[in-house]
Amino acid sequence: MITWRNGEVVSLGTRWAGAQELTAETADGTVRALAYPAIVGDVAVGDRVLLNVTALARGLGTGGYALVVARPDALPADPAPGPGHLVKGRYTPQQAMVLGVDEQESPHHAALRDADDLAGLPVVVADLHSAVPAVVAGARWSALQGSRPLPRIAYVMTDGGALPAWFSRTVATLRETGWLEACVTVGQAFGGDLEAVTVHTGLLAARLVVGADLVVVAQGPGNLGTGTRWGFSGVAVGEALNAAAVLGGRPIAALRVSGADARERHRGVSHHSRTAVGRVALAPADVVVPVGAAPGDRAALRALVRDQALALCRPAGRHTLVEVPVGDELEEALADTPVRLSTMGRGLDADPEAFVAAAAAGVHAERSR
């Protein structure tokens with residue numbers, strides 16, 4: 001189940017909020033690795049490290065990293081006594097204890113104890129982590145176009161992909177640049193500005209603690225799919241839309257769209273969105289599609305996406321199709337994001353409609369607040 005390697009740190013690379021890149025020498029050669037200092041302490045050149053290379057050895061999507069499990073010769077100090085009994089990564093060898101925003105020891109417990117209402121807060125739910133910066137870019141662009149204050153945006157990170165929020169350079173950069181007000185990690189995900197037990201309390205914390213004007217919900221980096229109708233982590237999109245609705249928010253579906261994916265099931269509106277929004281989301285949601293003139297094959301793709309999205313809204317009243325006119329200005333805003341846009345290895349130039357569709361959801365969310 002797990003492929004282990006011993007290694008020695010030979011160099012350090014980029015460090016961002018919560019994560020440290022490094023290079024380690026193992027019996028199989030040199031590997032790129034990633035350490036989370038909050039878990040294993042600060043690494044240094046010459047440290048002996050225990051590495052988990054399971055996904056790396058299989059060529060799976062860990063960003064090309066081995067992961068540092070421990071520094072056996074230099075264990076980090078025990079944490080100082082303090083509040084918090086919410087355990088994440090439960091019953092795994094690296095289970096961690098954090099202070100949940102919703103638990104009894106939290107200073108926010110009183111505000112959340114009987115909280116039950118998002119008061120119409122727009123909640124954009126996306127399948128892939130790569131949609132997050134595009135949604136945020138669309139919301140900010142919309143506010144600027146309307147001469148309105150930039151929205152305070154919270155990101156609720158679910159546990160379908162990476163569990164540590166620290167893995168995401170996107171989140172780190174969006175936080176540093178002020179594009180995101182806070183990251184709330186829910187379920188088994190951890191490492192956000194706030195920790196919550198469920199998507200429901202994560203959403204309520206976004207409104208009542210962060211003071212967000214709108215929320216983006218998506219899994220962390222990575223995505224699990226099996227080529228089956230139901231066996232993919234994005235099923236949780238439908239459940240998050242239901243959570244937003246039951247709490248009195250405004251659920252908004254950011255469809256997973258592609259004009260470049262070689263797999264037919266992901267062309268136009270991905271089967272992930274068609275299943276999650278069309279079958280799992282039982283509460284009505286706004287289903288957003290971009291409309292307007294588009295060059296070349298993108299015009300036909302846009303028409304296909306609209307037709308597929310309209311099918312998700314049948315019978316009448318199930319969901320509401322929302323058409324957002326888009327043009328070159330929105331794509332220019334996407335090109336100006338502080339992070340590199342990439343989805344399934346394709347950038348803005350290679351698969352523009354993937355990002356335009358997500359940005360359109362952000363535009364609609366900002367106009368709905």
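The structure under discussion appears in the preceding block.
The residue numbering used here restarts from 1 in each chain and proceeds along that chain's sequence as written. Local features in this predicted model are restricted to residues whose pLDDT is 70 or higher, and side-chain atom pairs enter the listing and the counts only when it is 80 or higher, whereas totals over whole chains, interfaces and linings include all residues. Calculation of side-chain values draws on the structure's entire complement of heavy atoms; hydrogens and water are dropped beforehand.

Asker: Whenever I open this one, the sheet that holds strand E16 (residues 286–291) confuses me. Can you help?
Answerer: For sheets, the rule is that strands pair by backbone hydrogen bonds, running either parallel or antiparallel. In this analysis, strands are considered paired if DSSP registers two or more bridges between them. Segments assigned H or I by DSSP are reported as helices when at least four residues long, segments assigned E as strands when at least two residues long, and all are numbered from the N terminus. Read from one edge to the other, the open sheet built from eight strands follows the order E11-E10-E9-E12-E8-E13-E16-E17, with strand pairing classed as parallel. What marks the edges here is a single partner per strand, and that holds for strand E11 (194–196) and strand E17 (320–325). Direction aside, the axes of adjacent strands within the sheet are offset by 30° on average. Contact definition: two residues touch when any of their heavy atoms are within 4.5 Å. Only the contacting stretch of a helix is used when fitting its axis, a line to C-alpha atoms as for every element, and angles between N-to-C directions run 0 to 180 degrees. Contacting E16 and E17, helix H9 (residues 297–312) runs over the sheet at an angle of about 165° to E16.

Asker: I tried to follow helix H6 (residues 199–210) on my own but got confused; where do I start?
Answerer: In an α-helix there are 3.6 residues to a turn, and that puts residues three or four apart on one side. Partly exposed residues are those whose accessible area sits between 20% and 50% of the maximum for their type, while under 20% is buried and over 50% is exposed, using a 1.4 Å probe and protein chains only. Turning to H6, its buried residues number three or more, namely Val-199, Thr-201, Gly-202, Leu-203, Leu-204, Ala-205, Ala-206 and Val-210. Two residues or fewer past H6, Gly-211 is found with a positive phi of approximately 75°.

Asker: What is the right way to look at the pairing of strand E9 (residues 153–158) in this model?
Answerer: On a regular strand, each side chain points to the face opposite its neighbour's, so the side chains alternate between the two faces of the sheet. Most of E9 is tucked away, with six of its six residues classed as buried. Along E9, one buried face is formed by Ile-153, Tyr-155 and Met-157 and the opposite face, lined by Ala-154, Val-156 and Thr-158, is buried too. Of the pairings in the sheet, the one linking E9 to strand E12 (residues 214–219) comprises six bridges and is parallel in character. Bridging from a neighbouring strand, Thr-158 pairs with Gln-219 of E12. Summarising the sheet, E9 and strand E10 (residues 182–186) pair through four bridges and their orientation is parallel. Its bridge partner being in E10, Tyr-155 is matched across the sheet by Cys-183. Here, the term right-handed applies to a crossover whose path from the first strand over the helix to the second runs clockwise when the strands point away from the viewer. Once you follow E9 into helix H5 (residues 169–176) and on to E10, the crossover reads as right-handed.

Asker: Any chance you could explain the pattern of salt bridges here in plain terms?
Answerer: A side chain of one charge can pair with a side chain of the opposite charge if their charged atoms are brought near each other. In what follows, salt bridge is the name for a side-chain nitrogen of Lys or Arg lying within 4 Å of a carboxyl oxygen of Asp or Glu. This model, assessed by the stated rule, comprises 22 salt bridges. A salt bridge links Arg-256 to Asp-127, with the nearest nitrogen and oxygen atoms 3.4 Å apart. On the criterion of sequence distance, the pair formed by Arg-256 in the loop between strand E13 (250–254) and strand E14 (257–258) and Asp-127 in the loop between strand E8 (122–126) and helix H4 (131–145) is long-range, its members being 129 residues apart. Assigned by exposure class, Arg-256 and Asp-127 land together as buried. Among the salt bridges present, the one from Glu-366 reaches Arg-148, with a minimum N-O distance of 2.7 Å.

Asker: Is there a simple way to think about the nonpolar core in this case?
Answerer: Side chains of a nonpolar character, in soluble globular proteins, are inclined to be buried together. What is meant by a nonpolar core is a set of buried Ala, Val, Leu, Ile, Met, Phe, Trp, Tyr and Cys residues, joined one to another through side-chain atoms within 4.5 Å. Val-123, Leu-203, Val-215, Val-217, Leu-241, Leu-255 and Val-277 are the most contacted members of the largest nonpolar core, which totals 45 residues. The leading source of residues in this core is H6, at six residues. When sequence neighbours within four positions are dropped, the list of residues in contact with Val-217 reads Val-123, Val-124, Val-125, Ala-126, Val-156, Thr-158, Leu-203 and Ala-240. Residues Val-136, Val-324, Val-326 and Ala-361 belong to the second largest nonpolar core, which totals 44 residues.

Asker: Sorry if this is basic, but what is going on with the packing of aromatic side chains here?
Answerer: The geometry of an aromatic ring pair comes down to the distance between the two centres and the angle between the two planes. Two aromatic rings from Phe, Tyr or Trp, using only the six-membered ring of Trp, form a pair when their centres are within 6.5 Å; if the ring planes differ by under 30 degrees the pair is stacked, by over 60 it is edge-to-face, and anything between is tilted. For the coordinates displayed, the defined rule picks out three aromatic pairs. Centroid distance Tyr-36 to Trp-166: 5.7 Å. Interplanar angle 50°. Geometry classified as tilted. Here Tyr-36 is found in the loop between strand E3 (29–35) and helix H1 (37–40), whereas its partner Trp-166 is found in the loop between E9 and H5, with 130 residues between them in sequence. Tyr-36 gets classed as buried once you look at its relative accessible area, which sits at 11%. Looking at Trp-166, the relative accessible area reads 17%, which means it is buried. Judged by centre distance (5.5 Å) and plane angle (80°), the rings of Trp-166 and Phe-190 are edge-to-face. With Trp-166 in the loop between E9 and H5 and Phe-190 in the loop between E10 and E11, the pair connects residues that are 24 residues apart, well separated along the chain. Among the aromatic residues, those joined into a ring-pair cluster are Tyr-36, Trp-166 and Phe-190.

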